[in-house]
Amino acid sequence: MDINIINKVENKLQNNRFKAELKYKSQLDELYSKYPLLFDLENKKRFIASDIKLSKNEKNLKLKEIENEINSFINDNHIVFPEKKYNCSKCSDTGYIKNGNKKARCNCFYKMIIDESTSEQSCQKILTLKCFDETLFSSDIKAQILQIRSFIEKYIEKFPDVKYPNLVLNGNTGTGKTFLLTCIYNELKQKGLGVIYITAGKLFDILRKYALNEINDIDVLINCDMLIIDDLGTEPLFNNITVEYMFLLFNERKTNNKPICISTNLTPDEIKSRYTERIASRLFDKTSTSIIKIPGNDLRLR
């Protein structure tokens, strides 16, 4: 997800709004074509409303008369006016809703961002835990692997009502962490939840652009139901700028009770050294996080 995706979603919203208004105008033109007298009455009303020669009382009196005539015509002919039918009735396809005296992003905007960003991820191949092949694992670790699969099955089934909503999958390269993240992503999305799957490299690119004001906000990363980050620790750092915004992201999600699921090859001490104590404390908070050690070596070498 980057600025191009945000622009793409905003363009889609604008196009949806244009289509809704164009269809409404077409239906209205069709109605006036069927009832030309109604069209004439509406024009007469607009002429009276804009007539500067009339006094205020005269204008109000004439407007009331013409409105009564219009209403009588509508009732006599059982006319039903068309309505503008937007994809989102809350924001009328603008992407914004009123929040007090301010504007806030509508949920439809977040959903479209999530759909656009995840459509570009390789995890769109529908992998689930049904694809889990236990024969890939050696006999000495198979019992542990089956226990991990069982844990994740129960996690997905109960989510979001789980005791420890955050997950950290830790293990060597090629031990199946990305596969498990992909399964979590696909199965949570099938439950209708707003889930973002993103590599650590892509995430840090977004955070860097946000820090440089190339992206207006990262609200979708803060507010989605589940944020899944793959391969944390493999991405480049940019003079600690992105680390600060990473803490902002994790802290906001923690404050809003929004879980995070990550995979990493790094140990907790290595995470602390690379990303600071503050971030490590958010990721490995024992009151809200399950840390799963994935045993074994690179399966791809077999």
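In the block above lies the structure referred to throughout.
Novice: What exactly am I supposed to notice about the overall build of the protein chain here?
Specialist: Within the protein chain, the secondary structure is distributed over 11 helices and seven strands. Taken over 302 residues, the protein chain has a buried fraction of 43%. The contacts in the protein chain between residues at least 6 apart in sequence include a share of 77% that link residues at least 24 apart. For the protein chain, the exposed area adds up to about 17500 Å²; of that, 49% sits on carbon and sulfur atoms.

Novice: Which parts of the structure should I look at to understand the sheet that holds strand β3 (residues 166–171)?
Specialist: Within a sheet, neighbouring strands are paired by backbone hydrogen bonds and run either parallel or antiparallel to one another. With respect to topology, five strands assemble into an open sheet ordered β4-β5-β6-β3-β7, the strand pairing being parallel. The open sheet has two edge strands with one neighbour each: β4 (195–199) and β7 (289–294). Each adjacent strand pair in this sheet contributes to an overall mean axis angle of 10 degrees, direction not counted. Two strands pair when backbone bridges link them, and β3 and strand β6 (residues 260–264) are joined in this way by four bridges, in the parallel orientation.

Novice: What am I meant to see in the pattern of salt bridges here?
Specialist: Pairing between side chains becomes possible if they bear opposite charge and their charged atoms approach one another. On inspection of all chains with the given rule, the structure shows nine salt bridges. Here Lys 25 makes a salt bridge to Asp 29, at a shortest N to O gap of 3.1 Å. With a gap of four residues between them, Lys 25 and Asp 29 both fall in helix α1 (residues 3–34), about one helical turn apart. Judged by relative accessible area, Asp 29 falls into the partly exposed class, the value being 40%. In the salt-bridge network here, residues are joined through shared partners; they are Asp 205, Arg 208 and Lys 209.

Novice: Please clarify how unusual backbone geometry should be interpreted in this entry.
Specialist: Glycine aside, negative phi is the norm for most residues, and most peptide bonds take the trans geometry. Omega for the bond connecting Phe 159 with Pro 160 falls within 30 degrees of zero, at 10 degrees, which places this linkage in the cis form. Among the structural elements, Pro 160 can be located in the loop between α5 (139–158) and β3. Positive phi values are uncommon outside glycine, yet Ser 92 reaches one of about 55 degrees. Relative to the assigned elements, Ser 92 resides in the loop between α3 (56–76) and β1 (96–99). Judged by its relative accessible area of 26%, Ser 92 falls in the partly exposed class.

Novice: For this particular structure, what's the right way to read the packing of helix α2 (residues 36–49) against α3?
Specialist: When two helices pack together, you describe them by how their axes are tilted relative to each other and by the distance separating the axes. In the contact formed by α2 and α3, the axes pass within 10 Å of each other and the chain directions differ by 165 degrees. On the basis of the axis angle, α2 is roughly antiparallel to α3. When the axes of α2 and α3 are compared, the crossing they make is left-handed. Contacts between α2 and α3 involve Leu 37, Leu 38, Leu 41, Glu 42, Lys 44, Lys 45, Ile 48 and Ala 49 from the first element and Lys 59, Lys 62, Leu 63, Ile 66, Glu 67, Glu 69, Ile 70, Phe 73 and Ile 74 from the second.

Novice: What is the right way to read the state of the cysteines from this model?
Specialist: By definition, a disulfide links the sulfur atoms of two cysteines through a covalent bond. Evaluation of the coordinates by the stated rule reveals zero disulfides. Cys 91 takes part in no disulfide bond, and the closest cysteine sulfur to it belongs to Cys 108, at a distance of 3.5 Å. Relative accessible area serves as the criterion here: at 4%, Cys 91 is assigned to the buried category.

Novice: Even after reading the chapter, I still don't get the nonpolar core, so can you show me in this structure?
Specialist: The tendency in soluble globular proteins is for nonpolar side chains to be buried side by side. One finds Leu 221, Ile 229, Leu 232 and Tyr 275 to be the most contacted residues of the largest nonpolar core, which totals 43 residues. Discounting chain neighbours no more than four positions away, the residues touching Tyr 275 are Phe 204, Leu 232, Gly 233, Glu 235, Leu 237, Val 243, Met 246 and Leu 266.

Novice: When you look at the pairing of strand β2 (residues 102–105) in this model, what are you seeing that I'm missing?
Specialist: On any regular strand, side chains alternate: one points to one face of the sheet, the next to the other face. In terms of strand pairing, β1 meets β2 through four bridges, oriented antiparallel. Directly across from Asn 99, in β2, lies its bridge partner Lys 102. Taking the residues between adjacent antiparallel strands as the criterion, β1 and β2 are bridged by two residues, where Gly 100 takes a positive phi near 70 degrees.

Conventions used here
Residues numbered from 1 in each chain as written. Predicted model: local features only at pLDDT ≥ 70, side-chain atom pairs only at ≥ 80, totals over all residues. Heavy atoms only, no water. Helix = DSSP H or I, 4+ residues; strand = E, 2+ residues; numbered from the N terminus. Buried < 20%, exposed > 50% of the residue type's maximum accessible area, 1.4 Å probe, protein only. Contact = heavy atoms within 4.5 Å. Areas by Shrake-Rupley, 256 points an atom, 1.4 Å probe, with all protein chains shown as cover. Pairing = 2+ DSSP bridges. Axes fitted to C-alpha atoms, helices over the stretch in contact; angles between N-to-C directions. Salt bridge = Lys/Arg side-chain N within 4 Å of Asp/Glu carboxyl O. Parallel < 35°, antiparallel > 145°, perpendicular 65-115°, else oblique. Left-handed = near helix turned anticlockwise from the far one by under 90°. Disulfide = S-S within 2.5 Å. Core = buried A, V, L, I, M, F, W, Y, C linked by side-chain atoms within 4.5 Å.

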